[in-house]
Amino acid sequence: MYSPIPVLNELKDLYDSTRDYLADGFELYDYDDKSSFPQELDDPAFLSRLIPFAQANGSGSTYAIWRADDETDLALAPIVVFGDEGGEHVVARDFTDFLRLLGFDAEIMVDHDSAYYYRAEDDDHSGSHELFVEWLRGRGLTPSEDPDTVVAAAREAHGDRFRAWITPFYERIDWA
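Keep in mind it's a predicted model, so treat the numbers as computed, not measured.

Visitor: Honestly, the nonpolar core in this entry has me stumped. Any pointers?
Guide: One broad trend across soluble globular proteins is that nonpolar side chains are buried collectively. One finds F53, Y63 and V91 to be the most contacted residues of the largest nonpolar core, which totals 41 residues. Take this core: its biggest share by element is 6 residues, from helix 3 (residues 95-104). Residue contacts for F53: discarding those within four places in its chain leaves Y2, L8, E27, L28, Y29, Y31, Y63, A64, I65, I79, F95 and F98. L47, A154, I166 and F169 belong to the second largest nonpolar core, which has 15 residues in total.

Visitor: What exactly am I supposed to notice about the sheet that holds strand 1 (residues 27-28) here?
Guide: Sheet strands pair via backbone hydrogen bonds, and the direction of the pair is either parallel or antiparallel. Taking strand neighbours across the sheet as the criterion, the 5 strands line up as 1-2-3-4-5 in an open arrangement whose pairing is antiparallel. The strands lining the two open edges of the sheet, one partner per strand, are strand 1 and strand 5 (88-92). Of the pairings in the sheet, the one linking strand 4 (residues 79-82) to strand 5 comprises 4 bridges and is antiparallel in character. Paired with V80 across the strands is V90, a residue of strand 5. The sheet contacts of helix 3 involve strand 2 (50-55), strand 3 (62-66), strand 4 and strand 5, and relative to strand 5 the element is tilted by about 90°.

The rules behind these values
- Residues numbered from 1 in each chain as written.
- Predicted model: local features only at pLDDT ≥ 70, side-chain atom pairs only at ≥ 80, totals over all residues.
- Heavy atoms only, no water.
- Core = buried A, V, L, I, M, F, W, Y, C linked by side-chain atoms within 4.5 Å.
- Buried < 20%, exposed > 50% of the residue type's maximum accessible area, 1.4 Å probe, protein only.
- Helix = DSSP H or I, 4+ residues; strand = E, 2+ residues; numbered from the N terminus.
- Contact = heavy atoms within 4.5 Å.
- Pairing = 2+ DSSP bridges.
- Axes fitted to C-alpha atoms, helices over the stretch in contact; angles between N-to-C directions.

Right under this line is the structure:
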């Protein structure tokens, strides 16, 4: 079993069955592999609340499940992204919203101030996009047509609390 999250296990099975991207820039990591975080962020209190599970884009940003509280069903926990050059943001209220974002089929752009998805109308879809969309529909989901709305809802629901939680960890780091 890949994870304790049934739908993530199903996604992993689909991911493993294809030789092409399900969504642009998205690649599953080993579940809860903390090596994607900078070494400076080795505080056990920090690491215990984050479960990295995927590469978010081609430059190395990371998706993680944020254990915002003691919710036992991790599929209901918010999804956050850590930018490879800085910036960390809540992007989905739960795993269902996250899957819908992946269905948009665009790499996430992450900077210190924002995280957003962009795909030009004439951009080709990833090689296994149609297979992924079919998989989503089999679970009663549809790809997001407006990822900004999904991200905004996540920020509204969890953004301030995430920022309040993460800021003290960054303030304690001597980046020199």
